[in-house]
Amino acid sequence: MPDPTDDSTTQVAQFERSLDELEQLVARMEHGDLSLDESLHSFERGIALYRSCQGALEQAELRVQQLLDPEAIGSARPFDPETP
C-alpha cells in the first residue's frame, strides 16, 4: 500500500522548486538584461509556474479544510483571498 505522506512530500518539494524558479525568473526579468524573446519566454514560463503554485495552494487549503472538518467535505470550496 502506498504511503500518502510520500505523495505529500513530493508535492511540497515540487511546489518549493516551482516557487524558487518563479522567483528567479522574476529577478532576471526585473534586472532588464533579457531580449524581448527571452522576456516573452520567461513570462510564459512564469505564468505556468504561477498556475502550478496556485493549484498546489488550493489543494493544500482544501486538504486543511478536510482535516479540520471531515464531516463537511462536500462544503469545501476553492480558497478566494478576495472573499472576506
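Structure first, text after, so check above.
Read on for a plain summary of the structure. (Residues numbered from 1 in each chain as written. Predicted model: local features only at pLDDT ≥ 70, side-chain atom pairs only at ≥ 80, totals over all residues. Heavy atoms only, no water.)

## Notes on the overall build of the chain
Basically, it comes down to this: Only runs of H or I of at least four residues qualify as helices and only runs of E of at least two qualify as strands under DSSP, and these elements are numbered from the N terminus. Using a 1.4 Å probe on the protein chains alone, a residue whose accessible area is under 20% of its type maximum counts as buried, one over 50% counts as exposed, and one in between counts as partly exposed.
Of the regular secondary structure elements, the chain holds two helices and zero strands. Looking at the 84 residues of the chain, the share that counts as buried comes to 11%.

## Topic: a nonpolar patch on the surface
Convention followed: Residues enter patches when their relative accessible area tops 30% and they take part in no salt bridge; the joining distance is 9 Å for like charges and 5 Å for the nonpolar side chains Val, Leu, Ile, Met, Phe, Trp and Tyr. Per-residue and other accessible areas were derived by the Shrake-Rupley procedure at a 1.4 Å probe size, with only the shown protein chains allowed to occlude residues. A pairing counts as a salt bridge when a side-chain nitrogen of Lys or Arg comes within 4 Å of a carboxyl oxygen of Asp or Glu.
Together, M29, L40 and F43 make up an exposed nonpolar region whose accessible area comes to about 280 Å². Judged by relative accessible area, which is 33%, M29 ranks as partly exposed.

## Comments concerning the layout of surface pockets
The condition is simple: A cavity here means a set of points on a 1 Å grid, drawn over the protein atoms and nothing else, where a 1.4 Å probe fits but cannot get out; a pocket is an open set with protein on both sides within 12 Å along at least five of seven lines, and a residue lines either one if it has an atom within 4 Å of a point. Grid points are joined across faces, edges and corners, and a volume is the space filled by probe spheres set on the points. Nonpolar residues are Ala, Val, Leu, Ile, Met, Phe, Trp, Tyr, Cys and Pro. Charged residues are Asp, Glu, Lys and Arg, and all others, Gly as well, are polar.
Each pocket or cavity is described by its volume, and for the largest pocket that value is around 470 Å³. Every residue lining the largest pocket is counted, 13 residues in all, and those nearest its centre are S8, Q11, A56, Q59 and A60. Contributions of two or more residues to the lining of the largest pocket are made by α1 (4-31) and α2 (36-68). With seven residues, the top contributor of residues to the lining of the largest pocket is α1. Grouping the constituent residues of the lining of the largest pocket by class yields six nonpolar, five polar and two charged.

## Topic: the pattern of salt bridges
Oppositely charged side chains may form a pair once their charged atoms are brought near each other. Tallied over the full model, the rule gives one salt bridge. The salt bridge partner of E21 is R45, with a shortest N-O separation of 2.9 Å. Remark: R45 occurs in helix α2 and E21 occurs in helix α1; sequence separation between them is 24 residues. By relative accessible area, which is 29% here, E21 ends up partly exposed. Using a relative accessible area of 36% as the deciding quantity, one classes R45 as partly exposed.

## Details of the side chain of S18
Heads up, the condition is: Should any heavy atoms of two residues lie within 4.5 Å, those residues are counted as being in contact.
Assignment of secondary structure puts S18 in helix α1. Dropping the residues within four chain positions of it, S18 is found in contact with L49, S52 and C53.

## Focus: α2
Convention followed: The span one expects for a helix is its residue count, reduced by one, times 1.5 Å.
In a regular helix each residue adds 1.5 Å, so 33 residues correspond to 48 Å; α2 covers 47 Å between its end C-alpha atoms and thus fits that length. For α2, the complete set of buried residues consists of S42, G46, L49, C53, E61 and L62.

## Regarding the environment of R28
For R28, the position within the fold is in helix α1. A sequence separation of 11 residues divides R28 from S39, and the C-alpha atoms of the two residues are 8.9 Å apart.

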